[in-house]
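Structural description and commentary
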Amino acid sequence: MSAAQSLVFIAQAWGLIGLAVAAVFLIIGISQIDEDARGAIAFRPLLVPGIMVIWPLVLWRWWLLATGRDVWKLRHKPPRKSHWVVAVAMAVLIVLTLLTSFSIRQTWPADIAPQLLQAPEAAG
Amino acid sequence: MSVKYIPVQWNKFKYIYDLTILALIMGFLWVFVHITPGVLPHQPAINPQIHNMRAFGACAYFLMTLILLIGPLARINHVFLPLLYNRRHLGVLTFFVAFSHASFVMGWYFSFSPADQYEALLGTNTSYAQLLGFPFESFGIFALFCLLVLAVTSHDFWLKFLTPRIWKSLHYLIYPAYVAVVAHIGLGVLQDQKDLTFGFIAGAGAICVAITHLVAARYERKEGDPGSQALARDNWEVICRVDDIREGYAKVACLQNGERVAVFLHEGSLSAISNACAHQNGPLGEGKIIDCLVTCPWHGFQYDVRTGRSPAPFTEKVPTYRLRVQSGNVEVDPEANPPGTPVEPVPIEQSLEGVRT
């Protein structure tokens, strides 16, 4: 199996597992852990793609909430300190990417006469 | 605000916002397809399929640039806050535009591949060890995946389920996604174009994003919320002087434990709640009190400053803090009460009289 085939297989398997998790979570789990979801059905299909993509995270949060292990204080502590790091890292990477992209461009003289290439001679 | 979840929460403002974005997208595509061939010709010449592909790709890049400009601009100047209000809808639309670009790519380059389309996409060019001819498609795939994650987790349910902290950390993916798109363009179409005008326009957009983020981050460091001062005699912390707080507004301070507290003055009494809104952790301390309720400037969620609770029938809650006034200083117990715990407001006149006598 090539690397490309493996990647496609992994993506398909990931999505199928996610679909199974979505079915169980949306039918049974969601009403148990979120009072605002009780009796609200129409919005649930919208969650299917999200669960398919991040199903390990969904399982983890579901377990935390269902077992009462969620730490409420963390809900009110946004990751604001990382803004500065992100801003600097993004700015540096953008500049480096642009410089690299412009500097490796190949320019060809427009007035060069075309040449007919010979086919390679048969081996042996 | 949600009582029961519904598929999409629209109101008059959001309708106007979404229609404006749709008009913007259609206008961009129309200009790119119908105007640019005359003004900015693609060299070497391209066929209509590739032209459409580039139109959607350029539009997705333009929208991502816009999305990334809104955040820092709103931090620097509150005039831009209305643009922040419905940014998630803009993000979802951006994903669909980027997905259309990818669909054009797959439909044109890989439709008749003898192998599976996606295997062909991943396996055609594997020259990852060189810059020239680097498989720039991989950057596009990564960025599209990031946009997918952001789009499919945009419903309010995800904010409450994951918590704003995890949700925001997940949505930081927009930053590597943007850098990846810049690399996708830089190592892709930019290498092919003889005319550099498109390259300079795209580069200028990326530089604008980089500069506004740096300016906003610096602004937040300099003008951000002041730190509190810990007291030696107990664990309480001094936030500010009583005179520093205007009636109907708050003073925000960063506690020693990293949490932010907003101390409000309402009808002559002080109340302290968490500065982080339960919805997206918006800055509650920048809101104004009307009828005991402070409104989050980001998305309009409201809380009673005396209890930290949203008015019925809404169920959102934020932590409250105990506070006292000593010698004209506003002091807060840094141990937050569980969300929605009522705390009796502290009248400042009575406290100050105590100081004067």
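This structure is a prediction, so every number in the text was calculated from the model and none was measured.

This brings us to the sheet that holds strand 7 (residues 293-295) of chain B. Note on sheets: strands pair through backbone hydrogen bonds, and any given pair is parallel or antiparallel. All names here are of chain B. The sheet built from 3 strands is open, its strands ordered 6-7-8 with antiparallel pairing. Bordering the open sheet on either side are strand 6 (289-290) and strand 8 (302-304), each of which pairs with just one other strand. Bridge analysis of strand 7 against strand 8 gives 3 bridges, and the strand direction is antiparallel. Bridging from a neighbouring strand, Val294 pairs with Tyr303 of strand 8.

Next up on the list: the packing of helix 1 (residues 3-33) of chain A against helix 2 (residues 48-66) of chain A. Residues and elements named next belong to chain A. Helix 2 packs onto helix 1 with a crossing angle of 45 degrees between their chain directions and a minimal axis gap of 8 Å. Classified by the interaxial angle, the pair formed by helix 1 and helix 2 is oblique. With respect to the hand of their crossing, helix 1 and helix 2 are arranged in left-handed fashion. Residues Gly15, Ile17, Gly18, Leu19, Val21, Ala22, Phe25, Gly29, Gln32 and Ile33 of helix 1 pack against Val48, Ile51, Met52, Val53, Trp55, Val58, Leu59, Trp62, Leu65 and Ala66 of helix 2. For the contact of helix 1 with helix 2, the per-class residue count stands at 16 nonpolar, 4 polar and no charged.

This brings us to the interface of chain B and chain A. The parts lose accessible area when they come together, and the size of an interface is often stated as this lost area. If you look at the interface, chain B gives 57 residues, while chain A gives 44 residues. Broken down by secondary-structure element, the contributors of at least two residues to the side of chain B that touches chain A are helix 5 (117-123), helix 6 (137-152), helix 7 (156-162), helix 8 (164-171), helix 9 (174-186), helix 10 (189-192) and helix 11 (197-223) of chain B. In the side of chain B that touches chain A, the residues fall into 34 nonpolar, 14 polar and 9 charged.

This brings us to the nonpolar core. All names here are of chain B. Membership of the largest hydrophobic core comes to 69 residues, with the highest contact counts inside it found for Cys59, Leu147, Tyr178, Val181 and Val182. Broken down by element, this core gets its largest block of residues, 11 residues, from helix 2 (residues 48-76). Aside from chain neighbours lying at most four places away, what touches Cys59 is Ile25, Phe28, Leu29, Phe32 and Val97. Grouped together as the second largest cluster of nonpolar side chains are 34 residues, Val261, Ala276, Ala278 and Val325 included.

The rules behind these values
Residues numbered from 1 in each chain as written. Chains lettered and ligands numbered in written order. Predicted model: local features only at pLDDT ≥ 70, side-chain atom pairs only at ≥ 80, totals over all residues. Pairing = 2+ DSSP bridges. Helix = DSSP H or I, 4+ residues; strand = E, 2+ residues; numbered from the N terminus. Axes fitted to C-alpha atoms, helices over the stretch in contact; angles between N-to-C directions. Parallel < 35°, antiparallel > 145°, perpendicular 65-115°, else oblique. Left-handed = near helix turned anticlockwise from the far one by under 90°. Contact = placed C-beta atoms within 7 Å. Nonpolar A, V, L, I, M, F, W, Y, C, P; charged D, E, K, R; others polar. Core = buried A, V, L, I, M, F, W, Y, C linked by C-beta atoms within 7 Å. Buried ≥ 20, exposed ≤ 12 C-beta atoms within 10 Å, placed from the backbone.

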